[in-house]
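# Results of the structural survey
The chain contents come next:
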Amino acid sequence: MTSSSSTPEPTQRSTPVIQVANTIDDREEKTAAPTLAEVPIEEDSTLPPKAPPRPDSVDIDLEKIPPNNKVIEDHAIDDAFPEGGRGWTVVCGSFLLTSCTFGLVNSWGVFQAHYQEVILPDVNPSTLAWIGSVQYSLVFMPGLFAGRLFDIGFFHPMLMSASCLLVLATFLVAECHQFWQFMLAQGIATGVACGFIFGGALPVASHWFKKKRSTAFGLIATGSSYGGTVFPIITRNLIPHVGFSWTMRILGFIILGHLALANLLVRRRLPPSKVAGGLFNLAAFKSAPYSLYVANATIAFLGMYACLTFIDVSATNAGISPDFSFYLVSIGNAGSGCGRVLSGFLSDKAGALNILIPFSVLAAAFTMIWPWCTTKGSLIAIALLYGISSGAFVGLLAVPVAQLGGTGDIGRRTGMLFTVASIGAVVGPPLNGAIYSRYGGFHQVGIFAGCMILAGAALMTAARYKALGSWRGKF
């Protein structure tokens, strides 16, 4: 008889339990533990696969971004931004690029006065203003193509080609004698070249800065003030001594030196991005904050540069000597440089739109006051104050766009902003010139331009509210 106590109980085999790690690092710790050393090889299939190597480019499908009103977080590329170092040399290079593009374009007031008084006195001022407006609008209009080329990795070939075109166009202006010649060389060729150069000057700095991005953009934008201050003084003082043709040739050599150094300094950091959505991505406009912000830029440009364009002529009409009045453009551009640095520093602390909105309101107020200034002292004061307040607009214009999406698509979104806003830039100066011709004075011009800037500020306020969902907060 066999005793039940002597019968051995069946041994219960334990099944190893494997917990899948939530991250790759946790998985590696689990596999390194002794308790998992005896797990059969065939059971390794339960573990998650190793992370694939980082690709040379990043694919971002913007069509899948939900069309809500919240700010799109930058999850596409999570690289650590240097926030300095090599980035500061890129800022220096972009500074030189903006000085030869926006700085040259912002000097149009001096050229308009010279053409109106000497070279093309029989041409209507409103017609002459088309050269400056086409030139100015083309600084923004190619932004769509420039941004796309930047995103897919053709920044440096684009920059070098546009630099050569700008130098050539400047030399060709020296040979112009008729309106259509100035339009082709100084309006179209110069504008297109400046557009492709400026289209990459700001996005390339975004590769190096995030927390200090507004400060970097503000410093880059001061290049416009530097060029807008120096070029008018050089032009006005050289013309009586060497003539208009040699003045333009000297400007061409100065621009050549600046652009050659800039091409050596600017470098992108992040790999090219294969973004979905095509050249003009309409899906981006499903974001209400982005759409409102683009509308703001388009409307504000109808009046933003009326004061800077016509302050030289208005001073001459008020009896101020032309030998002094041309300095008002340089004074305005110098004040603009101070405004760009100040607003860039403040926006890093308080948020770009929180600074842009009050500065735009001040620019509107000074634009309305400008036509009533008829003495040297008042014109100097209004040029300086207007320059400081309007400088923030150009200096920080692209910063909110960078906050409304990922870094991998920043070139295209910035380009779309500039391209759409160029409509306001091309219509604004001739429209203001037509108002001047209709009423024979600048008072109505100041009122119209100031109202357009105020309308842009209202749209910025709406964009800020949609992005934050509140009237308070940093943005």
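How each quantity is defined
Residues numbered from 1 in each chain as written. Predicted model: local features only at pLDDT ≥ 70, side-chain atom pairs only at ≥ 80, totals over all residues. Heavy atoms only, no water. Helix = DSSP H or I, 4+ residues; strand = E, 2+ residues; numbered from the N terminus. Buried < 20%, exposed > 50% of the residue type's maximum accessible area, 1.4 Å probe, protein only. Areas by Shrake-Rupley, 256 points an atom, 1.4 Å probe, with all protein chains shown as cover. Core = buried A, V, L, I, M, F, W, Y, C linked by side-chain atoms within 4.5 Å. Contact = heavy atoms within 4.5 Å. Phe/Tyr/Trp six-rings, centres within 6.5 Å; stacked < 30°, edge-to-face > 60°. Lys NZ or Arg CZ within 6 Å of the ring centre and 35° of its normal. Polar contact = N/O pair within 3.5 Å; in protein donor to acceptor, adjacent residues only side chain to side chain. Salt bridge = Lys/Arg side-chain N within 4 Å of Asp/Glu carboxyl O. Expected span 1.5 Å × (residues − 1). Arc of directions from axis to C-beta. Patch = residues over 30% accessible without salt bridge, like charges linked within 9 Å, V, L, I, M, F, W, Y side chains within 5 Å. Axes fitted to C-alpha atoms, helices over the stretch in contact; angles between N-to-C directions. Parallel < 35°, antiparallel > 145°, perpendicular 65-115°, else oblique. Left-handed = near helix turned anticlockwise from the far one by under 90°.

Right, let's talk about the overall build of the protein for a bit. The secondary structure content of the protein amounts to 17 helices and two strands. Buried positions account for 53% of the 475 residues belonging to the protein. As presented, the protein carries roughly 20500 Å² of accessible surface, and 65% of it is formed by carbon and sulfur atoms.

As a further point, take the environment of Leu-431. Assignment of secondary structure puts Leu-431 in helix α16 (residues 410–439). A C-alpha to C-alpha distance of 9.9 Å links Leu-431 and Ser-133, two positions 298 residues apart in sequence.

If you look at the biggest cluster of nonpolar residues, it comprises 114 residues, and the most contacted ones within it are Tyr-136, Leu-166, Tyr-293, Phe-301, Ile-311, Leu-397 and Leu-417. Ignoring any residue separated from it by four or fewer positions in sequence, one finds Leu-417 in contact with Tyr-290, Tyr-293, Val-294, Ala-297, Leu-397 and Val-401.

The next thing to look at is the packing of aromatic side chains. Taken as a whole, this structure holds 19 aromatic pairs when the rule is applied. Seen in terms of ring centroids, Phe-310 and Phe-442 are 5.6 Å apart; in terms of plane orientation they differ by 45 degrees. Their pairing is tilted. Of the two residues, Phe-310 is situated in helix α10 (residues 306–317) and Phe-442 in the loop between α16 and α17 (443–468); the sequence distance between them amounts to 132 residues. Ring centres of Trp-370 and Phe-442 lie 5.5 Å apart, and the angle between their planes is 50 degrees; on these two criteria the pair is classed as tilted. Of this pair, Trp-370 sits in the loop between α13 (352–369) and α14 (376–396) while Phe-442 is found in the loop between α16 and α17, placing the two residues 72 residues apart along the sequence. Like Phe-442, Trp-370 is buried. Seen from the ring of Trp-246, Arg-249 lies directly overhead, with NZ or CZ sitting 4.9 Å from the centre. Sitting over the ring of Tyr-439, Arg-438 keeps its end group 5.1 Å from the ring centre.

Now for the environment of Thr-298. Position of Thr-298 relative to the elements: it lies in helix α9 (residues 288–300). Each C-alpha atom of the pair Thr-298 and Thr-419 lies 9.3 Å from the other, and the pair is 121 residues apart in sequence. For Thr-298, the residues in contact, after removing those within four places along its chain, are Val-420, Ala-421, Ile-423 and Gly-424. Looking at Thr-298, its side chain comes within polar contact range of the main-chain oxygen of Val-294, at 3.0 Å.

Once that is clear, we can look at the side chain of Gln-135. With respect to the helices and strands, the residue Gln-135 is situated in helix α4 (residues 125–140). What makes Gln-135 buried here is its relative accessible area of 2%. Discounting chain neighbours no more than four positions away, the residues touching Gln-135 are Val-105, Trp-108, Gln-186, Gly-187, Thr-190 and Gly-191.

A word on the pattern of salt bridges. Taken as a whole, this structure holds one salt bridge when the rule is applied. Residue Arg-249 pairs with Glu-175 through a salt bridge whose shortest N-O separation is 2.8 Å. Of this pair, Arg-249 sits in helix α8 (residues 213–265) while Glu-175 sits in the loop between α6 (155–173) and α7 (179–206), and the two are 74 residues apart along the sequence. Under the relative-accessibility criterion, Glu-175 is labelled partly exposed at 45%.

With that out of the way, let us pick up α9. Taking 1.5 Å of rise per residue, 13 residues should cover 18 Å, and α9 covers 18 Å from first to last C-alpha, within 8% of that figure. Pro-289, Tyr-290, Tyr-293, Val-294, Asn-296, Ala-297, Thr-298 and Ala-300 are the residues of α9 that are buried.

We now examine α6. For α6, with 19 residues, the first-to-last C-alpha span of 27 Å sits near the 27 Å given by 1.5 Å per residue. Turning to α6, its buried residues are Phe-155, Met-158, Leu-159, Ala-162, Ser-163, Leu-166, Val-167, Ala-169, Thr-170 and Val-173. In a view along the axis of α6, the buried residues occupy a sector of 160 degrees, so they form one face of it. Exposed residues pointing more than 90 degrees away from the buried face of α6 are listed as Met-160, Ser-161 and Cys-164. Taken together, the buried residues of α6 touch α2 (86–105), α3 (108–119), α5 (143–151), α7 and α8.

Quick look at a nonpolar patch on the surface now. A cluster of nonpolar side chains, contributed by Val-242, Trp-246, Phe-253 and Leu-256, occupies part of the molecular surface with about 400 Å² of accessible area. With respect to the element layout, Val-242 can be found in helix α8. The class for Val-242 is partly exposed, based on a relative accessible area of 37%.

Here we come to the side chain of Thr-101. Looking at the secondary structure, you find Thr-101 in helix α2. Owing to a relative accessible area of 0%, Thr-101 belongs among the buried residues under this scheme. Not counting chain neighbours up to four residues away, the residues in contact with Thr-101 comprise Cys-194, Ile-197 and Phe-198.

This paragraph deals with the packing of α4 against α7. Put simply, α4 and α7 touch, their axes get as near as 6 Å, and they point 20 degrees apart. Comparing their axes, α7 and α4 come out roughly parallel. Two packed elements cross with a definite hand, and for α4 against α7 that hand is right-handed. Residues Thr-127, Leu-128, Trp-130, Ile-131, Val-134, Gln-135, Leu-138 and Val-139 of α4 touch α7, and the partners they reach there are Phe-179, Phe-182, Met-183, Gln-186, Gly-187, Ile-188, Thr-190, Gly-191, Val-192, Cys-194, Gly-195 and Phe-198.

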